[in-house]
Amino acid sequence: MSKLASVIRDHGYGANILSLDSGSVLQLQVESCSAYAGLRFSLRKRKPSVAGVIQPGSEGFHKLFFGQEEIAIPIHGTIAGACQAHATADVFVNFASFRSAFASSMEALQQPTIQVVAIIAEGVPEGDTKKLIAYAQTYNKVLIGPATVGGVQAGAFKIGDTAGTLDNILACKLYRPGSVGFVSKSGGMSNELYNVLARVTDGLYEGIAIGGDAYPGSTLSDHVLRFSNIPQIKMIVVLGELGGRDEYSLVEALQQGRVQKPVVAWVTGTCAKLFKSEVQFGHAGAKSSGDMESAQAKNRALQLAGAVVPTSFEGLELAIKQVYDRLVPEKSIYPTQDVTPPVVPENLSNAIKSGKVRAPTHIVSTICDDRGEEPTYAGVNMSTLFERDYGVGDVLSLLWWKRSLPSYCTKFIEMCVMLCADHGPCVSGAHNTIVSARAAKDLVSCLTSGLLTIGPRFGGAVDDAARYFKMAQETNLTPHQFVESMKKKGMRVPGIGHRIKSRDNRDKRVLLLQQYARAHFPHVKYLDYAVAVEDYTLSKAANLVLNVDGCIGALFLDLLASCNMFKQQEIDEIVDIGYLNGLFILARSIGLIGHTFDQKRLKQPLYRHPWEDVLYTKV
């Protein structure tokens, strides 16, 4: 699916990096939009955090749920347009791929309303990242990432995919602010630590994942120093990793006394010492290039600078708890009272997947399935069609009758398609198509105008011919009785009669179909009956011949009855539903499309019917 962008807007909650009346422009996936809206609803906010969506080159709206209400979020085609439409947006979170993240992030930084840019993509070229960092520093803007999952301010809103699903957000109590500031290089470990903080403290106030690339736009110490100036944050938790020297800027800040709040820190990657050679961990920056960049050296330096550093990652939770438990009696922390967030309705798709609800389907399909590795027609894999050298007739038998018919049947189907594809430019369907094409209509309009003429008088007699020949033959009516009974009803015999063909000028198509059927069908009792009816009608008029509609109708009855693959009830249903007219429509569409292309290729002008061909009368 294409990447999107969104503008998040927060009203009525003071914050710093995610500030008062602030917002964010994000390129995101649909699931991210829903997560933002779910969090905002759990915060009892009046409006969702997603104010708009950017999808380059597109306009419109994107639907998502806010609680039980389905809402429409505007889609903007450009970053500049989104920023202009949402003037309070000041944080751009970019979900674009590493190939386009630089250009879109630079454009965002150049917008006067954007103050913070977070880049989610990993693998952004280091040269591009350095250019973004330099621009951000020059114009006093903040860059988070690349390779970040974003950030969250508990009780306000989140950007990026940080904190995971709504269930995890609620479990981590991110629906109300706590007293802890957290910064990490790792996004995945951020989610783990949010859960730890919810268990052993009153929870998170703000959390940031700066990203794991070698050159992050902001550093651990940048955010620790920022946390030091936020009154609501009473203690700070830092999670670093081996590689690079970012943690030493934090060591320096601690040594200089610029951080006055308790800091609990741990640098991951201590297991790297167990390997004989240099180890590259998951992030681009997680690679030690010397003892100073090892996790052990960084942990020792942080501890000597005054941070609380456990002896292992397993001890980090206890270390956080001990610092928090010490601050509460000292009145440095007044624990945040927990609240019960409103229940956020679960998405129907998730509820169905988890077995909580049942929902009826809206469409039933029995002829094909596109859910597997390859589509199937009536259970036959697409690759099998080519392996067995199936043709159009085989595909029709699978999609129309859900079974593989014998080769003589599928060959007959293909003959019908070939013989009925076109019958010249003068018949009503072709005429309509030609007139439409000369009026410069599109292909679909030209095809439709021709197809709309198909009915009882043109092409649509195949089903009626089959229906009446079947009734007459099965009720043992003689041709004389059948024709005369139709005459008494004021009805013409479907499939009998032609405007041009006659006893002495037979339709070659009819002869070809009869020859093939008599040579390959096990029996042709319905064709024999139709020919007997023709013999009787020719005694009345020379043009009352069996036409192609009547021949196809009779022979399809013989095909269905003689191949022993259809029950009588199925045959009756096929005739009643209109399958046989469908064959004529399919075939004639080929010719109508041909006429459309022919007229357009010839650049024929608008058609106007000549006056001399019109009878003007007052009758």
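The following refers to the structure shown. Everything quoted here is computed from the prediction, not taken from an experiment.

**Regarding empty space enclosed by the protein**
Over the atoms rolls a probe the size of a water molecule, and its path tells where empty space is left.
Then step 1. Taken as a whole and assessed by the stated rule, the structure comprises two cavities of 30 Å³ or more.
Then step 2. Of the volumes computed, that of the largest cavity is approximately 40 Å³.
Then step 3. What lines the largest cavity is Arg-506, Asp-507, Val-510, Leu-511, Gln-514, Glu-534, Val-545 and Leu-546.
Then step 4. Take the lining of the largest cavity: its biggest share by element is three residues, from helix 19 (residues 508-520).
Then step 5. Classifying every residue of the lining of the largest cavity gives four nonpolar, one polar and three charged.
Then step 6. Lining the second largest cavity are Cys-416, Cys-420, Val-462, Ile-552, Leu-580, Leu-583, Phe-584 and Ala-587.
Then step 7. If you tally residues by element for the lining of the second largest cavity, the top one is helix 23 (residues 579-601), at four residues.

**What about the layout of surface pockets?**
Then step 1. Counted as a void, the largest pocket has a volume near 1300 Å³.
Then step 2. Contributing to the lining of the largest pocket are 35 residues, with Arg-457, Gly-497, His-498, Arg-499 and Asn-547 lying nearest its centre.
Then step 3. Counting residues per element, the ones that place at least two in the lining of the largest pocket are helix 17 (461-474), helix 18 (479-488), helix 21 (548-562) and helix 23.
Then step 4. For the lining of the largest pocket, the element with the highest residue contribution is helix 18, accounting for three residues.

**Focus on the nonpolar core**
Then step 1. In terms of nonpolar packing, the biggest core is built from 64 residues, with Leu-174, Met-235, Val-237, Val-238, Leu-302 and Ile-320 touching the most fellow members.
Then step 2. The residues contacting Leu-302, other than those within four sequence positions of it, are Glu-247, Leu-250, Val-251, Leu-254, Ala-265, Val-267, Ala-307 and Val-309.
Then step 3. In this structure, Leu-419, Ala-472, Ala-554 and Leu-580 belong to the second largest nonpolar core, which totals 60 residues.

**With respect to the environment of Arg-99**
Then step 1. Looking at the secondary structure, you find Arg-99 in the loop between strand 6 (91-94) and helix 3 (101-109).
Then step 2. Residues Arg-99 and Pro-125, spaced 26 residues apart in sequence, show a C-alpha to C-alpha distance of 8.6 Å.

**What to know about the sheet that holds strand 14 (residues 263-268)**
Then step 1. In spatial order, the strands read 10-9-12-11-13-14; together these six strands make up an open sheet with mixed pairing. Where the open sheet ends on each side, the last strands, each with one partner, are strand 10 (157-160) and strand 14. Shown here is a sheet whose adjacent strand axes are inclined to one another by a mean of 10°, direction ignored.
Then step 2. Inspection of the sheet shows strand 9 (residues 150-153) paired to strand 10 by four bridges, in the antiparallel sense. Across the sheet, residue Gly-150 finds its bridge partner in strand 10, namely Gly-160.
Then step 3. Sheet strands in contact with helix 9 (residues 295-305) are strand 13 (235-241) and strand 14, and its direction is about 170° off that of strand 14.

**Quick notes on the side chain of Asp-507**
Then step 1. Along the chain, the position of Asp-507 falls in the loop between helix 18 and helix 19.
Then step 2. On the basis of relative accessibility, which here comes to 7%, the residue Asp-507 falls in the buried class.
Then step 3. Excluding its chain neighbours within four sequence positions, the residues that come into contact with Asp-507 are His-498, Lys-501 and Val-548.

**Considering the sheet that holds strand 15 (residues 368-369)**
In a beta sheet, neighbouring strands pair by backbone hydrogen bonds and run either parallel or antiparallel.
Then step 1. Taken together, the three strands give an open sheet; going across it, the order is 15-16-17, and neighbouring strands pair in antiparallel fashion. Across the chains shown, the open sheet's two edge strands, defined by having one partner strand only, are strand 15 and strand 17 (380-381).

**Some words on the side chain of Asp-558**
Then step 1. If you trace the backbone, Asp-558 turns up in helix 21.
Then step 2. An unpaired buried charge is present at Asp-558: no salt bridge exists, and Lys-525, the closest side chain of opposite charge, is 6.7 Å distant.
Then step 3. Discounting chain neighbours no more than four positions away, the residues touching Asp-558 are Phe-521, His-523, Val-524, Lys-525, Tyr-526 and Leu-527.

**Side note on the packing of aromatic side chains**
Then step 1. Per the stated rule, a full pass over the model turns up twelve aromatic pairs.
Then step 2. Look at Trp-401 and Phe-556: their rings are 5.9 Å apart centre to centre, the planes differ by 35°, and that puts the pair in the tilted class. Residue Trp-401 is located in helix 13 (residues 392-401), and its partner Phe-556 is located in helix 21; the two are separated by 155 residues in the primary sequence. Neither residue differs from the other here; Trp-401 and Phe-556 are each classed as buried.
Then step 3. Taking the centre distance of 5.9 Å and the plane angle of 20° together, the rings of Trp-401 and Tyr-579 count as stacked. Remark: Tyr-579 occurs in helix 23 and Trp-401 occurs in helix 13; sequence separation between them is 178 residues.
Then step 4. Under the relative-accessibility criterion, Trp-401 is labelled buried at 4%.
Then step 5. Put simply, the rings of Trp-400, Trp-401, Tyr-408, Phe-412, Tyr-516, Phe-521, Phe-556 and Tyr-579 touch in pairs and so form one group of aromatic residues.
Then step 6. The ring of Phe-98 carries the charged tip of Arg-99 above its face, separated from the ring centre by 5.0 Å.

Criteria and cut-off values
- Every chain begins its residue count from 1, and numbering advances along the sequence as written.
- Only residues with pLDDT of 70 or above have their local features reported here, since the model is predicted, and side-chain atom pairs are shown and tallied only from 80 upward, although totals for entire chains, interfaces and linings are computed over all residues.
- With hydrogens and water excluded, all non-hydrogen atoms of the structure serve as input to the side-chain values.
- Throughout, the protein atoms alone are placed on a 1 Å grid, and a set of points is a cavity if a 1.4 Å probe fits but cannot get out or a pocket if it is open with protein on both sides within 12 Å along at least five of seven lines; lining residues have an atom within 4 Å of a point.
- Grid points are joined across faces, edges and corners, and a volume is the space filled by probe spheres set on the points.
- Secondary structure is summarised from DSSP: a helix means a run of H or I of at least four residues, a strand means a run of E of at least two, and numbering begins at the N terminus for each.
- Amino acid classes used here: Ala, Val, Leu, Ile, Met, Phe, Trp, Tyr, Cys and Pro are nonpolar; Asp, Glu, Lys and Arg are charged; the rest, including Gly, are polar.
- Only buried residues count toward a nonpolar core. Its members are Ala, Val, Leu, Ile, Met, Phe, Trp, Tyr and Cys residues joined through side-chain atoms within 4.5 Å.
- With a 1.4 Å probe rolled over the protein chains alone, any residue whose accessible area is under 20% of its type maximum counts as buried; one over 50% counts as exposed, and the rest are partly exposed.
- We call two residues contacting when some pair of their heavy atoms lies within 4.5 Å.
- We call two strands paired when DSSP finds no fewer than two bridges between them.
- To obtain each axis, a line is fitted to C-alpha atoms, and for helices this fit is confined to the stretch in contact; angles are then taken between N-to-C directions over 0 to 180 degrees.
- Lys and Arg are tallied as positive, Asp and Glu as negative. Neither His nor the chain termini are counted.
- Note on definitions: salt bridges are taken to be side-chain nitrogens of Lys or Arg within 4 Å of carboxyl oxygens of Asp or Glu.
- Note on aromatic pairs: the rings of Phe, Tyr and Trp (six-membered ring only in Trp) are paired at centre separations within 6.5 Å, and the planes decide the class, stacked below 30 degrees, edge-to-face beyond 60, tilted for the rest.
- Ring-over charges, as used throughout, are those where CZ of Arg or NZ of Lys falls within 6 Å of the ring centre and within 35 degrees of the ring normal.

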